[in-house]
Number of protein chains: 2
Amino acid sequence: MQSEAGAAGAVHGGLAGGALTITFTASQGLLLMIPNMYKIAGEMLPAVFHVSARAIASHALSIFGDHQDVMACRQTGFSMLAEASVQEVMDLALVAHMSAIESSLPFVSFFDGFRTSHEIQKIEVIDYEDMKPLINMEKIAAFRKRAMNPEHPDVRGTAQNPDIYFQGREATNVYYQAVPGIVQECMDKVGALTGRKYKLFDYVGAVDAERVVVSMGSSCETLEETVNYLVSKGEKVGLIKVRLFRPLSAAHLLAALPKTAKTVTVLDRTKEPGALGDPLYLDVCTAFVEAGQKARLLAGRYGLGSKEFTPAMSKAVYDNMAAKTPKNHFTVGIDDDVTGSSLAISGPLDSTPKGTVQCKFWGLGSDGTVGANKQAIKIIGDNTDMYAQGYFAYDSKKSGGITISHLRFGNSPIQSTYLVTAADYVACHNPSYVHLYDLLDGIKDGGTFVLNCAWTAKDMDQMLPASMRRTMAEKKLKFYTVDAVKIAGSVGLGGRINMIMQTAFFKLSEVIPFDQAVELLKQGIQTAYGKKGEKIVNMNVAAVEKGMDAIVEVPVPEAWKKLTDETGATTNEPAYVHNVMRPVLAQKGDKLPVSAFSLDGTMPVATSKFEKRGVAIKVPEWIADNCIQCNQCAFVCPHSALRPVLSTKDELAGAPKSFATLETKGKGMEGLNFRIQVNTLDCLGCGNCADICPAKEKALVMQPIATQTGVQVPNFEFSET
Amino acid sequence: MQSEAGAAGAVHGGLAGGALTITFTASQGLLLMIPNMYKIAGEMLPAVFHVSARAIASHALSIFGDHQDVMACRQTGFSMLAEASVQEVMDLALVAHMSAIESSLPFVSFFDGFRTSHEIQKIEVIDYEDMKPLINMEKIAAFRKRAMNPEHPDVRGTAQNPDIYFQGREATNVYYQAVPGIVQECMDKVGALTGRKYKLFDYVGAVDAERVVVSMGSSCETLEETVNYLVSKGEKVGLIKVRLFRPLSAAHLLAALPKTAKTVTVLDRTKEPGALGDPLYLDVCTAFVEAGQKARLLAGRYGLGSKEFTPAMSKAVYDNMAAKTPKNHFTVGIDDDVTGSSLAISGPLDSTPKGTVQCKFWGLGSDGTVGANKQAIKIIGDNTDMYAQGYFAYDSKKSGGITISHLRFGNSPIQSTYLVTAADYVACHNPSYVHLYDLLDGIKDGGTFVLNCAWTAKDMDQMLPASMRRTMAEKKLKFYTVDAVKIAGSVGLGGRINMIMQTAFFKLSEVIPFDQAVELLKQGIQTAYGKKGEKIVNMNVAAVEKGMDAIVEVPVPEAWKKLTDETGATTNEPAYVHNVMRPVLAQKGDKLPVSAFSLDGTMPVATSKFEKRGVAIKVPEWIADNCIQCNQCAFVCPHSALRPVLSTKDELAGAPKSFATLETKGKGMEGLNFRIQVNTLDCLGCGNCADICPAKEKALVMQPIATQTGVQVPNFEFSET
């Protein structure tokens, strides 16, 4: 297909041949489809492009979500429908197909990349059988009739000269004028089926709102949650959710705006450097000018590259409208200390409906945490009336990197399209993380913290950083440990601790009755592993049963309240490593201000040497006596975490006795000593070295690391905005 | 390079390597560069893309000019400078380079495809030596210093996660804020050098204008010409020419607007179906909202795919603003009989400055007409103080198609960026055209018409259509013939009639003294053909000398005024051929209304059989007695204009005596008669058949076609708008 450019050509060809053809794409891929999009629209072909809207590579690549890609297509003649939640993707994707067929024009159906595309939500699925009667089959027949066909050929793709091209370009205007009405009709039909009603522009909030936000995509969920919260506090605020972005119907937009509106802020999730404002804002300005609408207009930009957009940020947007001199063309979600565009955020705001349980799980990429959490959502979602949501944040290391799972459960619909900032339950599946990350950031008073480790209560003073212990005491947390690695080993599951930690979650979170949870977990094991045989099933069942008994409550001494932070080790690290890399590695990159970054996206080289993670649960121990000096272990290690080293007698003169070496084998090696040196801080515990070792008695054995410490987080100073 | 996508990658790589790299592109090619444009801007690389802005293929391809392609790039972070004329391309392309280097940001420097890119204008060229001191060499050094270099490597093209991408994206805001100031400074520096002053937004017109147009690109020239005309009639009108489109400085835009402005019309040369308006209009709306500017705003679209934009259309835009109920979101230049968006045009308006000589030449593709006209412009431009302009319209047949050359000469600068609509001089280089085209459309009263033909005065009643003769009489035209084909043959130039027709032009147009013109023509011949030897030079000199004597003035009888049109032959042609194809072939496609075209750009097949052009000056004559029946002539004919035919005796029973045939040679052919049948209406006169003929005595001989008639133009009815 030669990239998405070729794929778009295939879509065009399919449509021209009379097949209802669609595609799924995003970001750079969507950009490559732009030329074909003009053609598809120009030829009135009812394609639907489903786009998980994403950022575009500029100073740097971002694979994450914003509207830069879809906004780069808004001029192509495609109609564009925006969805704010997973349920809306279900409902409005159908509307997009119905409308495309009905209007004989192509649609982009888009939703926020990652935030919506990768969120797990319990939704109501519309069956294909229910969709069928909603589709205008006569229109499909007409579409097929005008397809390319050797039985009744026609000419397409002509080259037109100045005399006639303009006229042809204007020939379809009436079809575009009809789209808003068609889309509303299709929304109504889907609404009649599902009970979920949509309008081209949906207003929520106070009927007498004075401050109104206009936005699009997943931000609308967070904004609505915040509006509900603010309205409950008596604030006159509201929100217009843009569904049909193209063709933009100014009449419908203005009709959605309460007459009481004094100030309107338009939020854009894209950036067009050099424009007077971003696209949605320009549209609203134009609609206001044409209608003589007098409300004051402000513009804001948020959420580029999946930058978090939280209730606190939403509130800042509403607060800004109430300010004496509101900021215009502001940013929200960052600290812009260069041009001062950013809004100040006044602390976190927990606007999730009461009764929602919020959980956060810190895992190591490929340790099973994410999979286990997905299963937990499935168990709760499928077997109760509760709503469930999961979102999984990864770093870019994938396997061996960090994973943070954000789960919510509750009896009210979950509109929190942002990471968990106020957790009831935090679990850490890797003990080294206590030094690497601020695990308890945002945990609620009285919340629960579960740590997978082999440490006992009396180890804690030594093993946990002072700040963590102080937080536990100050917030009166319930603190539990599970030695999941030990249990997993004992039941034969190796390093796979997910079933044990999942059991602990169900026991301690009490989202559903624990007995029911255990029953469902066991059913789930049967479903997942039944085909792999009784042995595997039994090992997992044993893990559940041993897991529930292995939970140890650790007392949190009052004295921890008074702890002061350890002084961070002073280092001679380069400024970039200290000022940018360390905060990013510590998951504090959100706090870095604009001035921290180079203008053109360049970064220094050779920085990975400063990143010593120490996250392996098991590391290899070299048993010198067994070693045949073949070096295969060093060859297979994916992270160069073990290396063969030769030393002279002189070099070894001062070595401690425990520093084992061997006489080196081989010609010309006389007088040199051999050693396999393991760097446990670089090791990720994969065990490839031990697996490959060909010695009769293994010279490399994976051992649990008892006093794993990671590398301590240096103290960063962030200026408060 | 794998298309322009690869070229853009090479540009990006060149820049990253520290080379000031630029590219020249347009249309679909520019679209393929969009992904790299984001990267180039994000990495602050001072590229300049010179774009001859062109249409984008939608319902049909158009290779012609409008702003669809550049508008599809306005979100990439490139700054964008628009040029309205050839001189401005010279001046502002330099400004673009200076500004890119100064601002460390990339620029698109664009001008209208074809209208400006293919216009020949006499301009003042800035020498490279004069440019040099204008360039900030320190900035170039700094740019090179931050280039990729193995001696001091850095990392580029990182993948950034949600924590930091947004901040990095905002890091360059101050650089964009600085661009308008930088561009104005660079304009001032170039202005100081050349005396030609530019502003970010240039206002022309009445100081107390009430009706103001905002536009961009070549339309500004025509608009300015029209404004000058209307202001001279006392109308309070004005024009803002947009130079710096991105970053758009609202402050500078508003400052350019006279305080007296009551209504402002924003013209866009692009179409974004489904948007509230086209891009420049959205910008102006936003600028107005933010500044509380109260003037009424209107939007119009014009000139898609190089659709003509004339003073009459410009006037319609100003008239619309004065109307009681002005049209908004109008089109101008077409007849939109579907949605009624188009403005009515009240007849042609000749606003070119007095003393400008306007000329129109009808030629056959590759007959030398265009080359000769370019030479005429060069002769006049180089050797006098006069301004000169040339624009060449072609159909899509290229060689063998139609060419129409539009030339203007005068003592005032020529801002007429539209085809000649009021000609002082019309020359037709192909006699068949008298039936095919409305050659005298728009010729001025008392104008000159020169026809290359072998006809004498007494042939004219028979050879010329009644409408043409009536026009000549009514407008009191001076009518001349030149038998250029005969002269060209006699001096050994074959079918190359360009030198003869050029001589006729200089003699009859009197743009410069004829003696001087002859001298310069001869010098030009020496320069052009000197290397090819004395013989070629002498043939051309002979053509000039014989040409001047061969001009025959033909009397135009008063009686021609009373002629009525011949009735068009009634045909059974398909509706599409009659209603669309015939007008397009007759160069009347501009008059076809929107409703004439299919919605999706499809057209019927097998229509070329209806196009019998009969434009060859010489056609082959088959000399049966010489023919060896090898069929090579039919094999080489590019237009299948001659075919071997076999007939039975029965079939030939009724044939006239002059219908020559031969006994067919070869086994099994007994009883059949052979003939090479020439279709002179399909022949383009290339002579390939005669060249290839292997017979001792040629069986095919090219003969001038004396009574060539073409195919008559049917009568079209266009509703008046």
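Residues numbered from 1 in each chain as written. Chains lettered and ligands numbered in written order. Predicted model: local features only at pLDDT ≥ 70, side-chain atom pairs only at ≥ 80, totals over all residues. Heavy atoms only, no water.

Side note on the sheet that holds strand β12 (residues 330–332) of chain A
Residues and elements named next belong to chain A.
Step number 1: Taken in spatial order, the 6 strands of this open sheet run β6-β8-β7-β10-β11-β12, and their pairing is mixed. This sheet does not close on itself; its edge strands, each paired only once, are β6 (201–205) and β12. Sheet twist, expressed as the average angle between the axes of neighbouring strands with direction ignored, equals 25°.
Step number 2: The sheet contact formed by strand β10 (residues 263–268) and strand β11 (residues 296–302) spans 6 bridges and is parallel. Paired with Thr265 across the bridge in β11 is Leu298.
Step number 3: Together, β7 (211–215), β8 (237–242), β10, β11 and β12 form the strand contacts of helix α12 (residues 311–322), whose direction differs from that of β7 by roughly 130°. (Pairing = 2+ DSSP bridges. Helix = DSSP H or I, 4+ residues; strand = E, 2+ residues; numbered from the N terminus. Axes fitted to C-alpha atoms, helices over the stretch in contact; angles between N-to-C directions. Contact = heavy atoms within 4.5 Å.)

Focus: the interface of chain B and chain A
Step number 1: If you look at the interface, chain B gives 103 residues, while chain A gives 103 residues.
Step number 2: Of the roughly 9,300 Å² buried where chain B meets chain A, counting both sides, 62% is carbon and sulfur surface.
Step number 3: The largest contributions to the chain B side of the interface with chain A come from Tyr165, Phe166 and Leu276 of chain B, which together make up 8% of the buried area.
Step number 4: Linking chain B with chain A are 6 salt bridges, by the criterion used here.
Step number 5: For Arg146 of chain A, the salt bridge identified is with Asp600 of chain B, shortest N-O distance 3.0 Å.
Step number 6: At the boundary of chain B with chain A, the tally comes to 44 residue pairs in polar contact (both at pLDDT 80 or more).
Step number 7: Of all the secondary structure elements, the ones that give two or more residues to the side of chain B that touches chain A are α2 (27–32), α3 (34–42), α8 (165–170), α9 (173–194), α12 (279–291), β11 (296–302) and β12 (330–332) of chain B.
Step number 8: Among the elements that take part in the side of chain B that touches chain A, α12 of chain B stands out by supplying 8 residues, more than any other.
Step number 9: Considered class by class, the residues forming the side of chain B that touches chain A number 51 nonpolar, 31 polar and 21 charged. (Buried area = accessible area lost by both parts, 1.4 Å probe. Salt bridge = Lys/Arg side-chain N within 4 Å of Asp/Glu carboxyl O. Polar contact = N/O pair within 3.5 Å; in protein donor to acceptor, adjacent residues only side chain to side chain. Nonpolar A, V, L, I, M, F, W, Y, C, P; charged D, E, K, R; others polar.)

Section: the relation of the copies chain B and chain A
Step number 1: For the pair chain B and chain A, the relating rotation is 180°, the translation along its axis is 0.0 Å, and the fit reaches an RMSD of 0.1 Å. Taken together, the rotation and translation describe the operation of a two-fold axis.
Step number 2: A shared binding surface is used by both copies, with 100% of the interface residues of chain B retained as interface residues in chain A. (Least-squares fit on C-alpha atoms with pLDDT ≥ 70 in both.)

Observations regarding the confidence of the model for chain A
Residue and element names in this part refer to chain A.
Step number 1: Scored by pLDDT, chain A has a mean of 94; 97% of the residues are at 70 or more.
Step number 2: This model gives residues 708–715 a pLDDT under 50, and the stretch forms 31 contacts once residues within four places in sequence are excluded.
Step number 3: Scored as a complex, the prediction yields pTM 0.94 and ipTM 0.94. (pLDDT = per-residue confidence, 0-100.)

What to know about the pattern of salt bridges
All names here are of chain A.
Step number 1: Across all of its chains, the model carries 67 salt bridges over all chains by this definition.
Step number 2: Residue Glu124 is joined to Arg196 by a salt bridge in which the shortest nitrogen-to-oxygen separation is 3.1 Å. One end of the pair, Glu124, is in the loop between β5 (120–121) and α5 (128–131); the other, Arg196, is in the loop between α8 (173–194) and β6, and 72 residues separate them in sequence.
Step number 3: A relative accessible area of 16% means that Arg196 is categorised as buried. (Buried < 20%, exposed > 50% of the residue type's maximum accessible area, 1.4 Å probe, protein only.)

Observations regarding the packing of helix α14 (residues 369–383) of chain B against helix α20 (residues 514–529) of chain B
Residue and element names in this part refer to chain B.
Step number 1: Interaxial distance between α14 and α20 falls to 11 Å at its minimum, and their mutual angle equals 115°. Helix-helix and strand crossings are classified by hand; for α14 and α20 the assignment is right-handed. In contact with Gln375, Ile379 and Asn383 of α14, α20 contributes Gln516, Leu520, Leu521, Gly524 and Ile525. (Left-handed = near helix turned anticlockwise from the far one by under 90°.)

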